[in-house]
Amino acid sequence: MIVKSSTTTMKMAVVDADILCQPSVSVEYLGVSTAAPPVAVDEDLEFFDVTTTTPSSLSKSREFRSADLITVDISRTDSGVRCSTSSQTTIIDSARSSNVIPAIRSGSYTDIGPRRSNEDEHIRVDDLSAQLGSLYNWPLPGAFYAVFDGHGGSDAAAFVRANAMRFFFEDANLPQTFVVDQAFLEELESSHFRAFLNADQALADECTVDDYCGTTAITALVLGRHVVVANAGDCRAVLCRKGVAVQLSQDHRPTCLVERQRVEKLGGIIEYGCLNGDLAITRALGDWYMKLPYGSASPLTAEPEVKKMLLTEDDEFMILGCDGIWDVMSNQEAVNVVRRELRLHNDPQKSAKELVNQALCKDIDDNLTAIVVCFTSPDHRSSVPSQRPRFRCCSLSEDARKKLQSLLGSN
C-alpha cells in the first residue's frame, strides 16, 4: 500500500493579540487488496482489463468489501479506447464492516435532455417487503433499484420496467431462508443473472417491441448490509464512501479489452468504436436483430456482470445513473455534487435533480436519469460532517506576542 501522509500548512497573521490559523489538511491513500485479483492495464493498447462473470463462475465473481482505499481514476482519451469516461475500480477488504442495518431512503430524477423523447426508465422500491407482500420471506429489510436506458425507441426499456418485479422476484424462484449466508448470496446472484436473460427472451417474444429496439440495464438489490449489483451495458453504479467515489459496476463498451476480445471471438467486429459499426455497447437487453437464436452465444449479449458488496459505517449513499450522466461527469464529480446537496438539505430527491441539472449544463446529447440511495436516516449526521470554522483564533501571551512582532518587524 502506498500512503501519502497528511500534511498541514499554517498561514499566520498578527491581529492585535491573536493569531489567525488556517489549517489545510490533505490525506490521500492508494491501495490494492492482496486477497482479490489485480486489475490489469495494457499500457500499449490503452485498454482497461476487467473480469467478466459467467453462469459457471458466479461464485467466483469479485466481491466488494469495506476499506478506506481511494482508487485510480482512468479517464477516456481522445482516441476513445478506454473503458469509460471516468472509471474507478476498487478492490476492498472487510476491515470496517458494521452490524448496523442501513436506513434506506432514495430519490430520483430524469430529464429528456436535448433529445425529442426520453427513452430512459427507472425503478425505486425502498421497501421490498411492502411491495412483494407474502413473496418476501427474507430475514432482513430489502430495497430494489434499476435504471433502463433505451435505444432505438423507448419500448424495450418501458417493457422491462413494467415487468421487472416479475422477472426479478415473482417468477425468479428466489431462495427462501432465515439466514443470509454465503450460499444464499451466491444463489441471489445467480437469480439476478437469470432474470436478465429471462427479460431478454421476453423481449424477443414480445410482438409490440421491435427487434431493433433495446435497452441497457443496471439493478441494485439492498438486503440489510448486503448489496448485489447487476449490469449489462453502460449504466453505472457508484458508491460514496467517506466522500470518495467507488465504482461498483463496469461499463460494457467495445473499447473495453475483455469485451472486445469476447466480441471478436464470437465473430463480431468493432468498427468506428461500435459493435458491428452500429451499437456503442456490447451488452444489452433486446436488439434481437443483432443476436443469434436464444441459447447461442452472440457478440451482443444480455448476460450481466453481477457483483456483491458489504456496506460499512463509512458508506453514505449510492448513485445509479445512465451513461448520459457519466459521459460528462466523473465518478468523483457526481459524488461531490450529491454529497454537497445532502449537506444542505439531506433530501435524496433534490440531490438527484441537482446532479441531473449539473450534467445538463455540460455538453450532452442524451437523456439523463439518476437515482440517489442514502444509507443513513434523515437525523443521522455522521455521514454529513459539521462545517468547521474556516479560521480559528489562537491566544498568545503578551511576552510571546511582543517577541513575534519583534521578529516580524526585523524581517
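Computed from a prediction, not measured in an experiment: that's the story for all the values here.

**Re the confidence of the model for the protein chain**
Residues of the protein chain with pLDDT of at least 70 account for 71%, and the chain-wide mean is 78. For residues 381-391, every residue scores under 50 in pLDDT, and the model assigns this stretch 13 contacts once sequence neighbours within four places are set aside.

**Digging into helix 4 (residues 257-265)**
Among the residues of helix 4, those classed as buried are Leu 257, Val 258, Glu 259, Arg 262 and Val 263. Following helix 4 by one or two positions, Gly 267 has its phi on the positive side, about 95°.

**Structural notes on the packing of helix 6 (residues 331-345) against helix 7 (residues 348-360)**
Interaxial distance between helix 6 and helix 7 falls to 9 Å at its minimum, and their mutual angle equals 140°. Classified by the interaxial angle, the pair formed by helix 6 and helix 7 is oblique. Viewed along their axes, helix 6 and helix 7 form a crossing whose handedness is right-handed. Residues Ala 334, Val 337, Val 338, Arg 340, Glu 341, Leu 342 and His 345 of helix 6 pack against Pro 348, Lys 350, Ser 351, Glu 354, Leu 355 and Gln 358 of helix 7. Its residues placed into classes, the contact of helix 6 with helix 7 shows six nonpolar, three polar and four charged.

**Regarding the packing of aromatic side chains**
For the structure shown, the criterion picks out seven aromatic pairs. With a centroid separation of 5.0 Å and 90° between ring planes, the pair formed by Phe 144 and Phe 169 is classed as edge-to-face. Of this pair, Phe 144 sits in strand 11 (residues 142-151) while Phe 169 is found in helix 2 (residues 155-170), placing the two residues 25 residues apart along the sequence. Each of the two residues, Phe 144 as well as Phe 169, counts as buried. A ring pair is formed by Tyr 212 and Tyr 289, whose centres lie 4.1 Å apart and whose planes are at 15°; its orientation type is stacked. Linking Tyr 212 in the loop between helix 3 (182-205) and strand 12 (214-223) with Tyr 289 in the loop between strand 18 (285-286) and strand 19 (305-310), this pair joins segments that are 77 residues apart in sequence. Exposure remark for Tyr 289: the relative accessible area of 27% places this residue in the partly exposed category. Three or more aromatic residues link up through ring pairs in this structure, and these residues are Phe 144, Phe 168, Phe 169 and Phe 196. In this structure, Lys 291 is placed above the aromatic ring of Trp 288, and the distance from its NZ or CZ to the ring centre is 5.2 Å.

The rules behind these values
Residues numbered from 1 in each chain as written. Predicted model: local features only at pLDDT ≥ 70, side-chain atom pairs only at ≥ 80, totals over all residues. Heavy atoms only, no water. pLDDT = per-residue confidence, 0-100. Contact = heavy atoms within 4.5 Å. Buried < 20%, exposed > 50% of the residue type's maximum accessible area, 1.4 Å probe, protein only. Helix = DSSP H or I, 4+ residues; strand = E, 2+ residues; numbered from the N terminus. Axes fitted to C-alpha atoms, helices over the stretch in contact; angles between N-to-C directions. Parallel < 35°, antiparallel > 145°, perpendicular 65-115°, else oblique. Left-handed = near helix turned anticlockwise from the far one by under 90°. Nonpolar A, V, L, I, M, F, W, Y, C, P; charged D, E, K, R; others polar. Phe/Tyr/Trp six-rings, centres within 6.5 Å; stacked < 30°, edge-to-face > 60°. Lys NZ or Arg CZ within 6 Å of the ring centre and 35° of its normal.

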